[in-house]
Amino acid sequence: YNNQVIKPQRTAEGFMVSAQSNAQIKVKVSGTQPALKKYRESSQVLSFDMSDKAAGFYDVEMSASKVEVPAGIKVLGIRPQTIRVEIIEKSKEGK
């Protein structure tokens, strides 16, 4: 498993992510040695769009289709498979 950083990419205007249950996920991959080396050396950040969500708690599925990998790499597994994200209104954050 390789660690991959999780970053919510966007939120709706006036909202922000205040917490998430995990900062990283573990991604198990397979492929040729050159492809695996290239993958390990690349920036491994999983971003997802939360712009259609209002304030509240959301469970976001970490599926293989959300993980970008180079040609020759196959995603075999992800842990955890779901992370919990809390979105709050920016004005309630306490400036």
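Quick caveat: nothing in here was measured; it's all calculated off a predicted structure.

Rules behind the numbers
Every residue gets a number counted from 1 within its own chain, in the order that chain's sequence is written. Confidence filtering applies because this is a predicted model: local features only for residues at pLDDT of at least 70, side-chain atom pairs given and counted only at 80 or more, and all residues used for totals across whole chains, interfaces and linings. Note that the side-chain values use all heavy atoms of the structure and ignore hydrogens as well as water. In this description, a nonpolar core means a group of buried Ala, Val, Leu, Ile, Met, Phe, Trp, Tyr and Cys residues linked to one another through side-chain atoms lying within 4.5 Å. Any residue under 20% of the maximum accessible area for its type is buried, any over 50% is exposed, and the rest in between are partly exposed; the area is computed with a 1.4 Å probe on protein chains only. Comment: elements are numbered from the N terminus, with helices defined as DSSP H or I runs of at least four residues and strands as E runs of at least two. In this description, contact between two residues means that some pair of their heavy atoms is separated by no more than 4.5 Å. Salt bridges are defined by distance alone: a side-chain nitrogen of Lys or Arg within 4 Å of a carboxyl oxygen of Asp or Glu. Strand pairing follows a simple DSSP-based rule, namely that at least 2 bridges must link the two strands. Interaxial angle, 0 to 180 degrees, is taken between N-to-C directions of lines fitted to C-alpha atoms, where a helix line uses only the stretch in contact.

**A short note on the nonpolar core**
Soluble globular proteins: nonpolar side chains tend toward being buried together. Judged by nonpolar contacts, the single largest core of 21 residues is most densely connected at Ile25, Phe48, Met62 and Ile83. Those elements giving two or more residues to this core turn out to be β3 (24-31), α1 (33-41), β4 (45-50), β6 (73-79) and β7 (82-89). Filtering out sequence-adjacent residues up to four positions away, Phe48 remains in contact with Ile6, Lys7, Pro8, Gln9, Arg10, Val60, Met62, Ile83 and Val85.

**Re the pattern of salt bridges**
What the rule picks out here adds up to four salt bridges. Where Glu41 meets Lys37, a salt bridge forms, and the shortest distance between an N and an O atom there is 2.8 Å. Remark: Lys37 and Glu41 occur in helix α1; sequence separation between them is four residues, near one turn of the helix.

**Examining the pairing of strand β1 (residues 2-11)**
Regular strands show a simple pattern: their side chains alternate between the two faces of the sheet. Of the pairings in the sheet, the one linking β1 to β3 comprises four bridges and is antiparallel in character. Following the sheet pairing, Asn3 is matched in β3 by Lys26. In the sheet, β1 pairs with β4 via six bridges, with the strands oriented parallel. Bridging across to β4, Arg10 finds its partner in Asp49.

**Side note on the sheet that holds β4**
An order of β4-β1-β3-β6 is seen for the four strands of this open sheet, with the pairing classed as mixed. One side of each edge strand has no neighbouring strand; the edge strands of this open sheet are β4 and β6. Strand-to-strand twist in this sheet, taken as the mean axis angle between neighbours without regard to direction, amounts to 40 degrees. Where α1 meets the sheet, it contacts β1, β3 and β6, and its direction lies at approximately 160 degrees from that of β3.

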